[in-house]
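# Observations on the model geometry
Letter by letter, the chains look like this.
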Amino acid sequence: MNPEFQKAIPLLSKIEEAGFEAYFVGGSVRDDILGKRIADVDIATSAMPEEVKAIFHKTIDIGLEHGTVAVLHEGIPYEITTFRAEAEYKDFRRPSEVYFIRSLNEDLSRRDFTMNAIAMNANGKIIDPFHGVDDIRLKVIQTVGKAEDRFKEDALRMMRAIRFHSQLSFTISEDTMNALIRNAHLLEHIAVERKLAEFEKLLSGVNINGGIRVLVNSGLFHYLPELLPYKQQLIHFAEIEMAALNIEERWALLVHILKKDAREAQSFLKSWRLPGKRIKVIIAIQNGLDLRLQSAWQPLTLYQCGYDTAISVEKIVNILNGRPANAHLEGVADQYQDLPVKNKSEIPVTGNELMQWLDRQAGAWIKTDLQSIEEAIILKKLPNDKESIKEWLLKCNQSSE
Ligand code: ATP
Ligand code: MG
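Residues numbered from 1 in each chain as written. Chains lettered and ligands numbered in written order. Predicted model: local features only at pLDDT ≥ 70, side-chain atom pairs only at ≥ 80, totals over all residues. Heavy atoms only, no water.

## Observations regarding the layout of surface pockets
Considered as a void within the structure, the largest pocket measures approximately 1,500 Å³ in volume. Residue lining of the largest pocket: 43 residues in total, with Asp 42, Arg 160, Arg 163, Glu 198 and Lys 201 positioned closest to the centre. Those elements that place two or more of their residues in the lining of the largest pocket are α2 (27–33), β2 (42–45), β3 (59–63), β5 (76–82), β6 (84–86), α7 (156–168) and α9 (192–204). Considering every element that reaches the lining of the largest pocket, the biggest residue donor is α7, with 7 residues. Taken together, the residues of the lining of the largest pocket break down into 12 nonpolar, 11 polar and 20 charged. (1 Å grid on protein atoms, 1.4 Å probe; cavity = no way out; pocket = protein on both sides within 12 Å on 5 of 7 lines; lining within 4 Å. Points joined across faces, edges and corners; volume = space filled by probe spheres on them. Helix = DSSP H or I, 4+ residues; strand = E, 2+ residues; numbered from the N terminus. Nonpolar A, V, L, I, M, F, W, Y, C, P; charged D, E, K, R; others polar.)

Below is the structure:
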């Protein structure tokens, strides 16, 4: 058994000793069967949340209304969720109410895909009423039960099918695909935050190109933020080899392919509800890319971008020009290293000193002069020390008078 599961066996045993059932379920069981590294080990149990809390000394309520309690075991947090069925689905959304049950099979039957509806007990025995193991071997994504019904219950499952296609390179079964095409419009009812979570996993997938193609061919892209007018651009995006790009670089490339300027990009990324901090990173790459596509790196543009952004930009430029993403990155790194300063804070003058030296009152001129100093230093027209800067400034001011 995978060591990640082994570490958690004492938790299953404790629940069993208290007279309940407990199993490993969900993504970790699927990924283990696939031979992939497993992330979080999730546990499902017949014990009610209050019963789980009584079994363990210390628990954290992280989603009590959904039946989830977290337990810390040897430094690792585990989510233990009571078997549940979902109350009537309304408005094509996951229901807000769930009810707890004692039957594993019923819990597995509300799960989305057969590959995600497999449980494993403490002895490594697999419980697989929907033949998920076969589907994993065949590399097929197939809903538990009729796809049509399952997508009508919760339309997000369509996005999930496509993100698993991108992550695992499994094919989507014919039934599931047909239902996806017929019900794409139901995605309209889903909150952007849930769409974003799945879209980001799609964007990070090894088969991102396939994932984007299915998004286009199924029509699902119509119901994602601000993508409706961009069918051709998405098709183009799906042709680009992106293996070497990280998620922010992939977003930046998408924004570039959609031909958004900085302001439009901002509103596009906001409409996806991406956190402001991440939008900043993506926009910085996009701005750098615009500059870099106009000309080779100049000291000033490299300085403005900063190292990480410049490298991200260069990877994207390489890809757009059909070169391997990592080609000539050392050249950019060397050019960056050669900059006399990397940051404003390395320049040893302040606005106050400028006012003293020139005997002038505070004003907008300070910012302009500091910028000129910065520029002259970066262009190596001026050494980066206080005396040289003072001398240079006094000389400039004489000649401008
Ligand atoms: P990942 O490895 O990306 O976390 P995962 O399969 O664990 O993949 P999660 O979103 O963490 O996906 O969900 C955990 C499990 O909960 C799934 O494996 C599936 O059994 C079930 N599940 C999640 N979302 C849904 C849904 N919308 N409808 C039905 N079952 C779902
Ligand atoms: Mg998971």
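## Some words on the site of ligand 1
Inspection of the region around ligand 1 gives 14 residues, with Arg 30, Asn 116, Arg 157, Arg 160 and Arg 163 positioned closest. Residue Arg 157 places a side-chain N or O atom 2.7 Å away from a nitrogen atom belonging to ligand 1. Burial of ligand 1 by the surrounding chains reaches 77%, relative to a free accessible area of 590 Å². More than half of the atoms belonging to ligand 1 lie within 2 Å of the grid points that define the largest pocket. Of all elements in the fold, only α2 and α7 reach the threshold of two or more residues within the shell around ligand 1. Looking at the shell around ligand 1 element by element, the count peaks at 4 residues for α7. Per-class residue counts for the shell around ligand 1 are 1 nonpolar, 3 polar and 10 charged. (Near = heavy atom within 4 Å. Polar contact = N/O pair within 3.5 Å; in protein donor to acceptor, adjacent residues only side chain to side chain. Areas by Shrake-Rupley, 256 points an atom, 1.4 Å probe, with all protein chains shown as cover. Sits in = over half its atoms within 2 Å of the grid points.)

## A closer look at the packing of aromatic side chains
Applying the stated criterion across every chain, the model contains 8 aromatic pairs. The interplanar angle of 85° and the centroid separation of 6.0 Å between the aromatic rings of Phe 113 and Phe 164 together place this pair among those described as edge-to-face. Within this pair, whereas Phe 113 is found in the loop between α4 (104–109) and β8 (119–120), its partner Phe 164 is found in helix α7, the two being separated by 51 residues in sequence. The pair formed by Phe 113 and Phe 164 is uniform in burial state, with each residue classed as buried. One aromatic cluster is present, formed by Phe 199, Trp 251, Phe 268 and Trp 272 through successive ring pairs. Against the face of Tyr 336 rests Lys 342, its NZ or CZ located 5.7 Å from the ring centre. (Phe/Tyr/Trp six-rings, centres within 6.5 Å; stacked < 30°, edge-to-face > 60°. Buried < 20%, exposed > 50% of the residue type's maximum accessible area, 1.4 Å probe, protein only. Lys NZ or Arg CZ within 6 Å of the ring centre and 35° of its normal.)

## A few points about the domain arrangement of the protein
For the protein, the assigned domains are domain 1 (1–137), domain 2 (139–239), domain 3 (244–339) and domain 4 (348–400). Centre-to-centre separation of domain 3 and domain 4, based on C-alpha positions: 31 Å. Counting residues at the interface gives 5 residues for domain 3 and 5 residues for domain 4. Counting each side, the surface lost to burial between domain 3 and domain 4 is near 460 Å², with a carbon and sulfur contribution of 70%. Counting the contacts that link domain 3 with domain 4 gives 1 salt bridge. For the side of domain 3 that touches domain 4, the per-class residue count stands at 4 nonpolar, no polar and 1 charged. (Domains from an automatic or database assignment. Contact = heavy atoms within 4.5 Å. Buried area = accessible area lost by both parts, 1.4 Å probe. Salt bridge = Lys/Arg side-chain N within 4 Å of Asp/Glu carboxyl O.)

## A few points about the packing of helix α14 (residues 276–294) against helix α16 (residues 307–320)
Two elements in contact, α14 and α16, have axes separated by 9 Å at closest approach and are oriented at 55°. One element, α14, and the other, α16, form an angle in the oblique class. Between α14 and α16 lies a crossing whose hand is right-handed. Of the residues in α16, those touching α14 at Ala 284, Ile 285, Gly 288, Leu 289, Arg 292 and Leu 293 are Thr 309, Ser 312, Val 313, Glu 314, Ile 316, Val 317 and Leu 320. When its residues are assigned to classes, the contact of α14 with α16 shows 8 nonpolar, 3 polar and 2 charged. (Axes fitted to C-alpha atoms, helices over the stretch in contact; angles between N-to-C directions. Parallel < 35°, antiparallel > 145°, perpendicular 65-115°, else oblique. Left-handed = near helix turned anticlockwise from the far one by under 90°.)

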